[in-house]
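In case you want the letters, here they are:
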Amino acid sequence: MRILGFLFLLLFTAFNAQTSISEDLIIGKKITLDSKILNEKRTLNIYLPQTYDKTKSYPVIYILDGSMNEDFLHLVGLQQFFSMQFKMPDFIIVGIANVDRKRDFTFHTDLKDLQKDYPTTGHSDKFIEFVEKELQPFINKNYKTDKTKYIIGQSLGGLLATEILLNKPELFTHYFIISPSLWWDDESLLNKANSLLSSQKDEERFVYVSVGKNEHKTMVKDADSLFQVLKNSGKKKLKLEYNLMQDDNHATILHRSVYEGFLKLYPSSD
């Protein structure tokens, strides 16, 4: 009887092992875009809502630092959570994977110390041109999109998002500028912000600026200064939110900051 029981156990185990199924868990698509402007291939990580319908149009979130090992996965999860639990609509999410963020997210500087520390620096103009003339047209051509376009950027990504806001504001409708590195080039972009804003049309736009209280004091000061310039710009259609996050530093701020930014736009219905 013991032998029969042992044989039954072996057969039961073998049967279950044979009937187990393994398949890949897929949350999106990885696309390689051949950029003539940047003269290189760029990887896009694209998430479509589970109920994606080609007959409908969707807003789009563009994530700087959008590589799989950077911010793409956890921000996709955060947006999906807000779609389930709050009144946030479904979004197409485009993560722009990095090649050289120091090159792409910074504008030219003549400061020798920055040139030494960032030897490839100073080509944000090309990256912005890529976003405007290649990336966004590609997404609009291949997916059903509406006019709502978010950009999320932190640190040097926040610097780039600020540069776009001040020089090419029409590229996005919603700006999430988190811990922006406005110290770049002796704060030259921040110093020009008022004059750049004064020449802009007064159009509907949402700008969310956040910084961690435990970050470097210059970063905290500059984020607050950017908000004050935007607040005093006289743009009546510009909707602003500023969030000094009490418990966060440069390493921890992004996820919680985006959560609170989404909450400003899509508050709980309770």
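In case you missed it, the structure is sitting above this.
Residues numbered from 1 in each chain as written. Predicted model: local features only at pLDDT ≥ 70, side-chain atom pairs only at ≥ 80, totals over all residues. Heavy atoms only, no water.

A. Representation of the overall build of the protein chain in the model. Scanning the protein chain for helices and strands turns up nine helices and eight strands. Seen along its three principal axes, the alpha-carbon backbone of the protein chain occupies a region of about 90 × 50 × 40 Å. Within the protein chain, the fraction of its 270 residues that count as buried is 49%. Look at the contacts in the protein chain between residues 6 or more apart in sequence, and 73% of them connect residues 24 or more apart. Surface accessibility of the protein chain: about 14800 Å² in total, with carbon and sulfur atoms responsible for 53%. Side chains of the protein chain give 34 positive and 35 negative charges; the mean places of these two sets differ by 4 Å. (Helix = DSSP H or I, 4+ residues; strand = E, 2+ residues; numbered from the N terminus. Buried < 20%, exposed > 50% of the residue type's maximum accessible area, 1.4 Å probe, protein only. Contact = heavy atoms within 4.5 Å. Areas by Shrake-Rupley, 256 points an atom, 1.4 Å probe, with all protein chains shown as cover. Lys, Arg positive; Asp, Glu negative; His and termini not counted. Charge placed at Lys NZ, Arg CZ, Asp CG, Glu CD.)

B. Representation of the nonpolar core in the model. F127, L135 and I139 are the most contacted members of the largest nonpolar core, which has 54 residues in total. Dropping the residues within four chain positions of it, F127 is found in contact with L38, R42, L64, I96, D104, F105 and L160. (Core = buried A, V, L, I, M, F, W, Y, C linked by side-chain atoms within 4.5 Å.)

C. Focus on helix α5 (residues 124-142). The terminal C-alpha atoms of α5, which comprises 19 residues, lie 25 Å apart, in line with the 27 Å expected from a rise of 1.5 Å per residue. Along α5, the helix axis deviates most sharply at V131, where the bend reaches about 40°. Turning to α5, its buried residues are S124, F127, I128, F130, V131, E134, L135, Q136, F138 and I139. (Expected span 1.5 Å × (residues − 1). Bend = angle between axes of the 7 residues up to and from the residue.)

D. Region of interest: the packing of helix α6 (residues 156-167) against helix α7 (residues 184-198). Put simply, α6 and α7 touch, their axes get as near as 10 Å, and they point 30° apart. One element, α6, and the other, α7, form an angle in the roughly parallel class. Regarding α6 and α7, the two cross each other, and that crossing is left-handed. Together, L159, T162, E163, L166 and N167 of α6 and W184, L189, A193, L196 and L197 of α7 make up the contact between the two elements. When grouped by side-chain class, the residues that make up the contact of α6 with α7 number seven nonpolar, two polar and one charged. (Axes fitted to C-alpha atoms, helices over the stretch in contact; angles between N-to-C directions. Parallel < 35°, antiparallel > 145°, perpendicular 65-115°, else oblique. Left-handed = near helix turned anticlockwise from the far one by under 90°. Nonpolar A, V, L, I, M, F, W, Y, C, P; charged D, E, K, R; others polar.)

E. How the structure looks around empty space enclosed by the protein. This structure, assessed with the given rule, holds one cavity of 30 Å³ or more. Every residue along the wall of the largest cavity is listed here: L165, L197, Q200, K201, D202, E203, R205, L230, K235 and L238. Grouping the constituent residues of the lining of the largest cavity by class yields four nonpolar, one polar and five charged. (1 Å grid on protein atoms, 1.4 Å probe; cavity = no way out; pocket = protein on both sides within 12 Å on 5 of 7 lines; lining within 4 Å. Points joined across faces, edges and corners; volume = space filled by probe spheres on them.)

F. Region of interest: the sheet that holds strand β2 (residues 40-47). What the eight strands build is an open sheet, ordered β1-β2-β4-β3-β5-β6-β7-β8; its pairing is mixed. Each edge of the open sheet carries a strand with a single partner, namely β1 (29-35) and β8 (238-245). Put simply, the sheet's adjacent strands are angled 20° from each other on average, direction ignored. Here five bridges tie strand β5 (residues 145-154) to strand β6 (residues 174-178), and the two strands are oriented parallel to one another. Looking across to β6, one finds that G153 is bridged to I177. (Pairing = 2+ DSSP bridges.)

G. Broad picture of a nonpolar patch on the surface. Judged by side-chain polarity, L25, I27, M68 and L73 come together as a nonpolar surface patch covering roughly 420 Å² of accessible area. When you line up the elements, L25 lands in the loop between α1 (2-19) and β1. The exposure class of L25 is exposed, given its relative accessible area of 82%. (Patch = residues over 30% accessible without salt bridge, like charges linked within 9 Å, V, L, I, M, F, W, Y side chains within 5 Å. Salt bridge = Lys/Arg side-chain N within 4 Å of Asp/Glu carboxyl O.)

H. Spatial organisation of the pairing of strand β4 (residues 92-96). Of all five residues in β4, five are buried, a share of seventy percent or more. Burial of β4 is two-sided: the residues I92, V94 and I96 facing one way and the residues I93 and G95 facing the other way are all buried. Relative to β4, β2 runs antiparallel, the two sharing four bridges. From the neighbouring strand, L44 faces β4, where its bridge partner is I96. Bridge count between strand β3 (residues 58-63) and β4: four bridges; the pairing is parallel. Following the sheet pairing, V60 is matched in β4 by I92.

I. Structural view of the layout of surface pockets. Taken as a whole, the largest pocket spans an internal volume of roughly 190 Å³. Lining of the largest pocket is provided by I26, I27, G28, Y47, L48, Q50, L73, V76, G77 and Q80. No other element matches helix α2 (residues 72-85), which puts four residues into the lining of the largest pocket. When the residues that make up the lining of the largest pocket are grouped by side-chain class, the tally is six nonpolar, four polar and no charged.

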